[in-house]
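This is what each chain is made of:
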Amino acid sequence: MDEREEDEGAEEAWLQLRPVEPLPSQCCGSGCSPCVFDLYHRDLAKWEAAHSSNDRSLLSGKQPQSCPSELNPEDFLAFRISAVDKLTNDTYCVRFALPGNSQLGLRPGQHLVLRGIVEDLEIQRAYTPISPATAEGYFEVLIKCYQRGLMSQYVESWRAGDTAFWRGPFGDFFYKPNQFGELLMLAAGTGLAPMVPILQSITDNADDETFVTLVCCFKTFDSIYLKTFLQEQARFWNVRIFFVLSQERSLEQLPWSYREKTHFGRLGLDLVEELVSCCRRKPFALVCGSPEFTKDMVKCLLCAGLAEDSYFLF
């Protein structure tokens, strides 16, 4: 082999080590930091520096770990699925095992990114654990599946004993006890997920006297998630929970315990203004749902008199 062929072979070897730019499907779209594209550009800069100096020792990367150690935003860790419970016709609560009595290490309301591979395509989506931040030996995630969703195909194939890869935590809302006089939580569908651990952290802490008004928006009564948990939380002196059902029309068809706290239709300006005016202390709003729901709620909250620094969007 002559010198030119050796150079070509060396260059080919370097090109094989060059990071591959992620596909759009590999970005979960939740504004995570670092995003998969941030990691790509970081690794690309590392590769370019190593290539220019012809020093492969500068290319030190980590592979996804096969067992949980310390959760971090950059590397995927494998977690064993211990249970898959179907809550509704399209929504699951999935429990993942942690070693011994260890805790996941997330603050209430923070989320993780799940990696799945379907039809040789890597996809990533963000999900918020609904288990208490203090849960030991496990964490639980609420996942809604869609008929044509790629990640949905992956999730619906899960069985107890399978393994899934997560990285995180992500999220910029850090709740502190008694930080706000009252939290006004507006949640649509699985947007309930980040509200659950925040609410539970308040009711689990006898020293936290924050008032909470939680508004859960669903299509029907049967589609409401976590009914038992919500009923239990509503018994606390500082918690009020309301439901807004867009496809129900008759109060008589609801259980008695739901009739006084359920509204029909969609959550709009009139009801938001009523909720804000009925808050027992100055409210800080938390909003989670579809992009359309979030956009509508921001308009309603501003019209109801909240300042732009008086709400947070998950």
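Chains are numbered independently. Their residues run from 1 in the order of the written sequence. In keeping with the model being predicted, local features are shown solely for residues with a pLDDT of at least 70 and side-chain atom pairs are shown and tallied solely at 80 or more, while totals for entire chains, interfaces and linings include all residues. Excluding hydrogens and water, the side-chain values take into account all heavy atoms of the structure.

Peer 1: Even after reading the chapter, I still don't get the overall build of the protein, so can you show me in this structure?
Peer 2: Strands here mean DSSP runs of E at least two residues long; helices mean DSSP runs of H or I at least four residues long; both are numbered from the N terminus. Helices and strands together make up the secondary structure of the protein, namely 8 helices and 12 strands. A 1.4 Å probe rolled over the protein chains alone gives each residue an accessible area, and that area as a share of the maximum for its type sets the label: buried under 20%, exposed over 50%, partly exposed in between. Split into buried and exposed, the 314 residues of the protein put 46% on the buried side. Contacts spanning at least 24 positions in sequence make up 69% of the contacts within the protein whose residues lie at least 6 apart. Where accessible areas are quoted, they stem from the Shrake-Rupley method and a 1.4 Å probe; at the residue level, only the protein chains shown are allowed to cover. Accessible surface computed for the protein: about 16,600 Å², of which carbon and sulfur atoms make up 48%. Contacts were defined at the residue level, with two residues in contact if any of their heavy atoms lie within 4.5 Å.

Peer 1: Can you walk me through the nonpolar core in this structure?
Peer 2: General note: in soluble globular proteins, nonpolar side chains tend to be found buried as a group. Judged by nonpolar contacts, the single largest core of 35 residues is most densely connected at Leu183, Met185, Leu192, Leu214 and Leu230. Those elements giving two or more residues to this core turn out to be strand S7 (182-188), helix H4 (195-203), strand S8 (211-218), helix H5 (227-233), strand S9 (239-245) and strand S11 (283-288). Sort the elements by how many residues they give to this core and H4 lands first, with 5 residues. Not counting residues within four places of it along the chain, the set of residues in contact with leucine 192 comprises Ala187, Leu214, Cys216, Phe218, Tyr225, Leu226 and Leu230. Remark: nonpolar core denotes a set of buried residues (Ala, Val, Leu, Ile, Met, Phe, Trp, Tyr, Cys) joined through side-chain atoms within 4.5 Å. Formed by 25 residues, the second largest nonpolar core is a distinct cluster that contains Val94, Tyr127, Met151 and Tyr154.

Peer 1: Looking at this structure, how should I read helix H7 (residues 269-278)?
Peer 2: The α-helix winds at 3.6 residues per turn, so residues separated by three or four positions along the chain end up facing the same way. Along H7, the positions that sit buried rather than exposed are Leu271, Val272, Leu275 and Val276. With its buried residues spanning 135° around the axis, H7 presents them on a single face. The outward face of H7, more than 90 degrees from its buried face, is lined by the exposed residues Asp270 and Ser277. When we speak of the arc, we mean the arc of directions from the helix axis to the C-beta atoms.

Peer 1: Can you walk me through the packing of H7 against helix H8 (residues 291-303) in this structure?
Peer 2: Two measures define how a pair of helices packs: the angle their axes make with one another and the distance between the axes. Axes here refer to lines fitted to C-alpha atoms; in helices the fit is confined to the stretch in contact. Angles between the N-to-C directions go from 0 to 180 degrees. Between H7 and H8, whose axes approach to 9 Å, the crossing angle comes to 50°. Classified by the interaxial angle, the pair formed by H7 and H8 is oblique. As for how H7 packs across H8, the hand of that crossing is right-handed. Residues Leu269, Val272, Glu273 and Val276 of H7 form the contact with H8, whose participating residues are Met297, Cys300, Leu301 and Cys303. Residue classes follow a fixed rule: Ala, Val, Leu, Ile, Met, Phe, Trp, Tyr, Cys and Pro count as nonpolar, while Asp, Glu, Lys and Arg count as charged, and any other residue, Gly among them, counts as polar. For the contact of H7 with H8, the residue count by class is 7 nonpolar, no polar and 1 charged. Angular relationships are summarised with four words: roughly parallel below 35 degrees, roughly antiparallel beyond 145, roughly perpendicular across 65 to 115, and oblique for the angles in between. A crossing counts as left-handed when the near helix is turned anticlockwise from the far one by less than a right angle, and as right-handed when that turn is clockwise.

Peer 1: When you look at the sheet that holds strand S12 (residues 311-313) in this model, what are you seeing that I'm missing?
Peer 2: Hydrogen bonds along the backbone pair up the strands of a sheet, which may run parallel or antiparallel. Two strands qualify as a pair provided that DSSP identifies no fewer than 2 bridges between them. Strand order in the open sheet formed by 6 strands is S10-S9-S8-S7-S11-S12, and the pairing between neighbours is parallel. Of all the strands in the sheet, the pair left with one neighbour each is strand S10 (262-264) and S12. Sheet twist, expressed as the mean angle between neighbouring strand axes with direction ignored, is 15°. As paired strands, S7 and S8 are joined by 7 bridges and run parallel to one another. Considered in S8, the bridge of alanine 188 is made with cysteine 217.

Peer 1: Any chance you could explain the environment of phenylalanine 211 here in plain terms?
Peer 2: The residue phenylalanine 211 is located in strand S8 in this model. Judged by its relative accessible area of 12%, phenylalanine 211 is buried. Linking phenylalanine 211 and leucine 184, residues 27 residues apart in sequence, is a C-alpha distance of 8.6 Å. With residues up to four places along the chain from it excluded, the contact list for phenylalanine 211 reads Gly181, Glu182, Leu183, Trp237, Asn238, Arg280 and Arg281.

Peer 1: Just to check I follow, could you spell out unusual backbone geometry for this structure?
Peer 2: Leaving glycine aside, a negative phi is the common case for residues, and trans is the common case for peptide bonds. Cis geometry marks the peptide bond from glycine 168 to proline 169, where omega comes out at 5°. With respect to the helices and strands, proline 169 occurs in strand S6 (residues 163-170). Look at glutamate 119: it is not a glycine, yet its phi comes out positive at around 55°. By the element assignment, glutamate 119 lies in the loop between strand S3 (111-118) and strand S4 (121-127). Residues other than glycine seldom take positive phi values, yet aspartate 120 does so here, at roughly 65°. Structurally, aspartate 120 is set in the loop between S3 and S4.

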